[in-house]
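Each chain, written out:
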Amino acid sequence: MARRKNRKRLIFWILAIVIIISLPVVFLKILPEPPLTEVEMAGMSLAKARDNQAEIYATDLYDEANQYYDSAMSVWRKENERFILLRDYSRVTGFASLSVEKSEEALKQTIISSADLEKTTTNKLNKLNELLKEMNGALSRFPLPEEISSEIARGKLLFSEAKIVYSNKQYTEADKMLNQTESILKSAHNKAFDLIINYFKGYNQWSQWMEQTITESRNKKTTAVIVDKYAGKCFIYKNGKRVNEFDAELGKKWMGDKRHKGDNTTPEGRYRIIKKKEGSATKYYKALLIDYPNNEDKQRFQAAIADGTLPRNSHIGGLIEIHGHGGKGADWTEGCVALVNSDMDKIFRLVNIGTPITIIGSISSFDEIFKN
Amino acid sequence: MKRKSLMGLVSLMMLLFLAGCGKVPQDKIDAAKAAIETLRAAEADVYVPEEFANLENQMKTIMASIEAENSKTFKNFKEQIVQLENIVASTGGIIENANEAKEVVLGETEGLFEQIKTVLAENKDLMAKAPKGKEGAAVLEEMRNEIAIIETSVAEAHSMFENGNYKAASDKVKAAIEGVQSINTELQEAIAKIKRK
């Protein structure tokens, strides 16, 4: 009886020890595996996306990836608060996988978008360079109103800034600046072209005047002078043939026909030399006074007064000359045509009182100047 | 007796179980998070972005490993505590590096402001020295407008600088210097031409 009792006790203890030893093993076996690998993977994918500037180039996808990562961590924390056997990490794994997926998408989009943006900004940069070349070229010859010049100056400055930002590989910022530059420069460009196109409406008239002047020189076998304001040139014709040309400087605001005293515009029309001045008769070395205002100028001036486009107290002006002291590298006169003194000597010898002087906007047409 | 022995065993198991339950080191986590915020306030994300991103990544990894440890029956956060302490400890060095990088940009930008001040003053001198009269006025009029626009841009750069946006201020001043120097050259050439005649 006692032996049986002892055997039972032994069996009990053996069973108890087996249970005690195996219980934690079983316990650990049935516990859910924490999703560390998945969450770490999500963290690494996010880091990779961020290192490649996905925050900038794929903002929405990157934000989504971040939100999924935060959700994974938050659900994981909540699951850990539950009783150990009731924990379920499947949602954590799900969020972590979604985060990886979105990070990878963000990375892909970043690679494509950044390459696209680099290409786009490079193209914009080149196009604006061309636009500026045009503005610095043919367009820069025209005296533009302050409003347009200021816009061009602002555009140029912003363009320089955009180039610096572009060279730092900050393409998003550079793109924004280039868009702004484009808008400013194009607006200035369009306004300038509207003015120039309007100015060139006088081209047929200029061509006629020029033709008449050359024909007169040919028929009467005399000398004639043609001033091309756009080219900044003074041409001498003898017997209808061009024999000389000089650089000329004009009124500060030469574009347009002279309307009144003080508008700093060089008049346009067919004139004649009425006086040759030298020595103490002029402060500009030598001068050829022309008959501005002629009858047409006077009629136009009176009409402008009558229709109110000029105030009643306006003066038509006068004393328009071809004179010396030129060569300043700018259009600086109040309406006269300035030549360098050595050219003034030459023209002075070639012309006489009564020699025709025709001043026109341009010998070249608008298309010839801006064909490119 | 049998029941007593069984109870004893279960109690021992429970004791072991409870003894293995470490607590999440919340104070260390909070300290590390606060350290990262301090770095952000010191603009480490702007001036030493790689170091900052590296630390943020480390923090993410530590937080994941804390949750992994927290998922276990027998928890031990010793390793994570050391890592969190390392985060806090590394903050000082990163702030120092950020400040150094900021000082470099600050110094460069201040230098650029000095440079533009000099060129602008030089331009003013040139304008004062320019021949008076119609021809001088015509040349100067063209430049004056551009200079005014550049001065406005420099003023904008100054406000950016005062708001601590040194990098943007620096780019703006660099562009302004380019513009002012080109005007300076034009001005010198134009004045020389006028004087020659």
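Residues numbered from 1 in each chain as written. Chains lettered and ligands numbered in written order. Predicted model: local features only at pLDDT ≥ 70, side-chain atom pairs only at ≥ 80, totals over all residues. Heavy atoms only, no water.

**Student:** Which residues make up the overall build of chain B, and what are the values?
**Tutor:** When its secondary structure is counted, chain B shows 7 helices and 0 strands. Along chain B, helices and strands appear, N-terminal first, in the series α-α-α-α-α-α-α. Buried residues in chain B amount to 41% of all 197 residues. A sequence separation of at least 24 residues applies to 77% of the contacts in chain B between residues at least 6 apart. When the accessible area of chain B is evaluated, it comes to approximately 10900 Å², of which 57% is carbon and sulfur surface. (Helix = DSSP H or I, 4+ residues; strand = E, 2+ residues; numbered from the N terminus. Buried < 20%, exposed > 50% of the residue type's maximum accessible area, 1.4 Å probe, protein only. Contact = heavy atoms within 4.5 Å. Areas by Shrake-Rupley, 256 points an atom, 1.4 Å probe, with all protein chains shown as cover.)

**Student:** How would you summarise the sheet that holds strand S4 (residues 269-278) of chain A if you had to cite specific residues and measurements?
**Tutor:** Residues and elements named next belong to chain A. Reading across the sheet, the 8 strands line up as S3-S2-S1-S8-S4-S5-S6-S7 and stay open at both edges, with mixed pairing between neighbours. Where the open sheet ends on each side, the last strands, each with one partner, are strand S3 (241-247) and strand S7 (337-338). Bridging between S4 and strand S5 (residues 286-290) involves 5 bridges; their strand directions are antiparallel. Within S5, the residue paired with Lys 277 across the bridge is Ala 287. Of the strands in this sheet, strand S1 (223-228), strand S2 (233-238), S4 and strand S8 (356-360) touch helix H8 (residues 203-220), which is tilted by about 160° from S8. Together, S1, S2, S3, S4, S5 and strand S6 (321-323) form the strand contacts of helix H10 (residues 341-350), whose direction differs from that of S5 by roughly 50°. (Pairing = 2+ DSSP bridges. Axes fitted to C-alpha atoms, helices over the stretch in contact; angles between N-to-C directions.)

**Student:** Provide a residue-level description of the interface of chain B and chain A, including the pertinent values.
**Tutor:** Taken together, the 40 residues of chain B in the interface contact 48 residues of chain A. Around 3700 Å² of area is buried between chain B and chain A when both sides are counted, 64% of it from carbon and sulfur atoms. At the junction of chain B with chain A, the criterion picks out 2 salt bridges. Close ionic contact of A:Arg50 with B:Glu56 constitutes a salt bridge, the shortest N to O distance being 2.3 Å. Put simply, chain B and chain A have 10 residue pairs in polar contact (both at pLDDT 80 or more) between them. Taken together, the elements giving at least two residues each to the side of chain B that touches chain A come down to helix H1 (2-19), helix H4 (49-70), helix H6 (134-162) and helix H7 (166-196) of chain B. Residue composition of the side of chain B that touches chain A, by class: 15 nonpolar, 9 polar and 16 charged. (Buried area = accessible area lost by both parts, 1.4 Å probe. Salt bridge = Lys/Arg side-chain N within 4 Å of Asp/Glu carboxyl O. Polar contact = N/O pair within 3.5 Å; in protein donor to acceptor, adjacent residues only side chain to side chain. Nonpolar A, V, L, I, M, F, W, Y, C, P; charged D, E, K, R; others polar.)

**Student:** Just give me the short version of the pattern of salt bridges, but keep the residues and values in it.
**Tutor:** Considering all chains together, one arrives at 32 salt bridges over all chains under this definition. Put simply, B:Glu56 and B:Arg40 hold a salt bridge, and the shortest N to O gap is 3.0 Å. Here B:Glu56, found in helix H4, pairs with B:Arg40, found in helix H2 (residues 26-41); they are 16 residues apart in sequence, far enough to count as distant. Counted as one network, the salt bridges with shared partners bring together A:Arg50, B:Glu37, B:Arg40 and B:Glu56.

**Student:** Explain the packing of helix H5 (residues 90-136) of chain A against helix H6 (residues 146-167) of chain A to me, using residue names and the numbers behind them.
**Tutor:** What describes two packed helices is the angle between their axes and the distance between those same axes. Residue and element names in this part refer to chain A. Their axes nearest at 11 Å, the elements H5 and H6 cross at an angle of 145°. Seen along the crossing, H5 lies across H6 with a hand that is left-handed. Residues Glu 118, Thr 121, Thr 122, Leu 125, Leu 128, Asn 129, Leu 132, Met 135 and Asn 136 of H5 lie in contact with H6, whose contacting residues are Ile 152, Lys 156, Phe 159, Lys 163 and Tyr 166. Its residues assigned to classes, the contact of H5 with H6 shows 7 nonpolar, 4 polar and 3 charged. (Left-handed = near helix turned anticlockwise from the far one by under 90°.)

**Student:** Lay out the packing of aromatic side chains in plain terms, naming residues and giving numbers.
**Tutor:** One pass over the full model with this rule turns up 20 aromatic pairs over all chains. Where A:Phe142 meets A:Phe370, the ring centres are 6.1 Å apart and the plane angle is 25°; that geometry is what we call stacked. A residue pair is termed long-range when its members are at least 10 positions apart, and A:Phe142 in the loop between H5 and H6 and A:Phe370 in helix H11 (residues 366-370) qualify at 228 residues. Ring centres of A:Phe200 and A:Phe366 lie 5.9 Å apart, and the angle between their planes is 70°; on these two criteria the pair is classed as edge-to-face. With a gap of 166 residues between them, A:Phe200 in the loop between helix H7 (171-199) and H8 and A:Phe366 in helix H11 connect regions that are remote in the sequence. Its end group placed over the ring of A:Phe235, A:Arg242 keeps NZ or CZ at 3.8 Å from the ring centre. Directly above the aromatic system of A:Tyr69 lies the positively charged group of B:Lys60, at a separation of 5.2 Å from the ring centroid. (Phe/Tyr/Trp six-rings, centres within 6.5 Å; stacked < 30°, edge-to-face > 60°. Lys NZ or Arg CZ within 6 Å of the ring centre and 35° of its normal.)

**Student:** Hey, could you go over the state of the cysteines for me, with residue numbers and the actual values?
**Tutor:** All names here are of chain A. In the structure shown here, the tally under the stated rule is 0 disulfides over all chains. The thiol sulfur of Cys 234 is not disulfide-bonded, and the nearest other cysteine sulfur, from Cys 336, lies at 13 Å. On the basis of relative accessibility, which here comes to 11%, the residue Cys 336 falls in the buried class. (Disulfide = S-S within 2.5 Å.)

**Student:** Before we move on, could you go through the environment of A:Arg259 and cite the residues and values that matter?
**Tutor:** All names here are of chain A. Mapping Arg 259 onto the fold places it in the loop between S3 and S4. Taking the relative accessible area as the measure of exposure, Arg 259 reaches 40% and is therefore partly exposed. Sequence spacing of Arg 259 and Pro 32 is 227 residues, and the spatial spacing of their C-alpha atoms is 94 Å. For Arg 259, the residues in contact, after removing those within four places along its chain, are Phe 301, Ala 304, Thr 309 and Leu 310.

**Student:** Describe H10(A), naming the residues involved and giving the relevant values.
**Tutor:** Among the residues of H10(A), A:Asp343, A:Met344, A:Asp345, A:Ile347 and A:Phe348 are the ones counted as buried. Taken together, the buried residues of H10(A) touch S1, S2, S3, S4, S5 and S6 of chain A.

**Student:** Tell me about the pairing of S1(A), and name the residues and values.
**Tutor:** Residues and elements named next belong to chain A. In terms of residue burial, S1 counts as a mostly covered element, since 6 of its 6 residues are buried. A two-sided burial pattern is seen for S1, the buried positions comprising Thr 223, Val 225 and Val 227 on one face and Ala 224, Ile 226 and Asp 228 on the other. Between S1 and S2, which pair antiparallel and follow one another directly, the connecting turn spans 4 residues, one of which, Gly 232, has a positive phi of 65°. In this structure, S1 lies alongside S8, joined through 4 bridges in parallel fashion.

**Student:** Just give me the short version of a negative patch on the surface, but keep the residues and values in it.
**Tutor:** A surface patch of negative charge is lined by A:Glu146, B:Glu141, B:Glu142, B:Glu186 and B:Glu189. Among the elements of the structure, H6 and H7 of chain B are those that each provide at least two residues to the negative patch. The exposure class assigned to B:Glu189 is exposed, which follows from its relative accessible area of 53%. (Patch = residues over 30% accessible without salt bridge, like charges linked within 9 Å, V, L, I, M, F, W, Y side chains within 5 Å. Lys, Arg positive; Asp, Glu negative; His and termini not counted. Charge placed at Lys NZ, Arg CZ, Asp CG, Glu CD.)

**Student:** Quick rundown of the pairing of S4(A)? Include the residues and the values.
**Tutor:** Examined bridge by bridge, S4(A) and S8(A) share 4 bridges and lie antiparallel to one another. Following the sheet pairing, A:Gly269 is matched in S8(A) by A:Ile359.

**Student:** Explain unusual backbone geometry residue by residue, including any values.
**Tutor:** All names here are of chain A. The linkage connecting Tyr 292 with the following residue, Pro 293, adopts the cis geometry, with an omega of -5°. Among the structural elements, Pro 293 can be located in the loop between S5 and helix H9 (295-306). Of note in this structure, Lys 169 is not a glycine but carries a positive phi near 65°. Position of Lys 169 relative to the elements: it lies in the loop between H6 and H7. Look at Asn 239: it is not a glycine, yet its phi comes out positive at around 55°. Judged by relative accessible area, which is 39%, Asn 239 ranks as partly exposed.

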